[in-house]
Amino acid sequence: MKIVHKGLNLTMSLSENQVTVLSVENVHAYAEILQDIWNQTQGGDGSFILSDKEKILKISKNVECIFNPFSLKCNDRKIINHLYQQIKEHVDGFFLEETMTINTELNQFIDALLMQMPYALKHNQEMDIMNLLKLYDVEFESNAESILERIIEYLRVMSKLSGINIYVFVGLKQFLRAEELKELYKFAFYEKISIIIVESIHTTLIEGEKGWIIDSDLCIIEL
């Protein structure tokens, strides 16, 4: 798998068990790269091309861009929507009989309740599992205490629910120590998750990293 930026003539391989680090020393190129990757992860236009062998992959379906790891939440609405959909599919596949029984009992209860009211009332007789999950506020139980734990928790949940396995972190090496980065990389390699780190200054590469530099003159240096 590789990712290419057409405007900067940049090609980076995304290899298994390897973190890609892109250091962009040119301010305008740095802004352009971040703007493009953000636009494209949101479904917009940009100059990046993601491919696996000869197949072009849609970036919005395969890549997420994370600017602020402190803001990561497993109970973000988009993740909860994925979770509820997965639970619904599980219910449809394995709990149809139980669902029908509960729906019948609920209808009997509501019918009896409404008959006590001095009005002509009606109700929806079909139980919606999605609304039931919302009613009971089903969500993830988070035990993350550190920024590293928060990132790992988020990647584990998001990759399994959404199928997204490529994550672009902006300035991640300014948030985590080398030992923490190695722990994150170990998790990512085990889960087959690709990490791309984009930074504005070049930092020393550590075990598991492969680096590219775009210098102030827009020269590309592969490390």
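For the structure itself, consult the block above.
Definitions and cut-offs
Residues numbered from 1 in each chain as written. Predicted model: local features only at pLDDT ≥ 70, side-chain atom pairs only at ≥ 80, totals over all residues. Heavy atoms only, no water. Helix = DSSP H or I, 4+ residues; strand = E, 2+ residues; numbered from the N terminus. Polar contact = N/O pair within 3.5 Å; in protein donor to acceptor, adjacent residues only side chain to side chain. Contact = heavy atoms within 4.5 Å. Phe/Tyr/Trp six-rings, centres within 6.5 Å; stacked < 30°, edge-to-face > 60°. Lys NZ or Arg CZ within 6 Å of the ring centre and 35° of its normal. Buried < 20%, exposed > 50% of the residue type's maximum accessible area, 1.4 Å probe, protein only. Pairing = 2+ DSSP bridges. Axes fitted to C-alpha atoms, helices over the stretch in contact; angles between N-to-C directions.

**Q** How should the side chain of Asn107 be read in this particular structure?
**A** By secondary structure assignment, the location of Asn107 is in helix H4 (residues 96–115). Side-chain polar atoms of Asn107 contact the backbone oxygen of Gln125, separated by 2.8 Å. Those residues in contact with Asn107, other than ones at most four positions away along the chain, are His123, Asn124 and Gln125.

**Q** What am I meant to see in the packing of aromatic side chains here?
**A** Pairs of aromatic rings are described using the distance from one ring centre to the other and the angle between the two planes. Applying the stated rule across the entire model yields 3 aromatic pairs. Seen from their ring centres, Trp38 and Phe67 are 5.7 Å apart, and the 75 degrees between their planes marks the pair as edge-to-face. Pair noted here: Trp38 is in helix H1 (residues 27–41) and Phe67 is in the loop between strand S6 (63–66) and helix H3 (77–94), with a separation of 29 residues, a long-range link. It is Lys210 that lies over the ring of Trp212; its NZ or CZ is 5.4 Å from the centre.

**Q** Can you walk me through the environment of Gln40 in this structure?
**A** Along the chain, Gln40 turns up in helix H1. The exposure class of Gln40 is buried, given its relative accessible area of 9%. Along the sequence, Gln40 and Ile59 sit 19 residues apart, while their C-alpha atoms lie 6.1 Å from each other. Sequence-distant contacts of Gln40, defined by excluding residues within four places in its chain, comprise Asp45, Gly46, Ser47, Phe48, Ile59 and Ser60.

**Q** Sorry if this is basic, but what is going on with the sheet that holds strand S5 (residues 55–57) here?
**A** Think of a sheet as strands paired side by side through backbone hydrogen bonds, with each pair either parallel or antiparallel. Sheet architecture is open: 4 strands sit in the order S2-S1-S4-S5, paired in antiparallel fashion. A single partner strand is all that each edge strand has here, and the edge strands are strand S2 (10–13) and S5. Taking the axes of each pair of neighbouring strands and ignoring which way they run, one obtains an average angle of 30 degrees across the sheet. Summarising the sheet, strand S1 (residues 2–5) and strand S4 (residues 48–52) pair through 4 bridges and their orientation is antiparallel.

**Q** Looking at this structure, I do not really get the pairing of strand S9 (residues 209–214). What am I missing?
**A** Every regular strand shows the same layout, with side chains that alternate between the two sheet faces. In terms of burial, S9 is largely enclosed, as 6 of its 6 residues are buried. Neither face of S9 is left uncovered, since the one carrying Glu209, Gly211 and Ile213 and the one carrying Lys210, Trp212 and Ile214 both have all their residues buried. Note that strand S3 (residues 19–24) and S9 share 6 bridges and pair parallel. In the sheet register, Val21 faces S9, and the bridge partner there is Gly211. Pairing between S9 and strand S10 (residues 220–222): 3 bridges, direction antiparallel. For Ile213, the partnering residue across the bridge sits in S10 and is Ile221. A loop of 5 residues connects S9 with S10, the two strands running antiparallel in sequence, and Leu218 in this loop sits at a positive phi of about 70 degrees.

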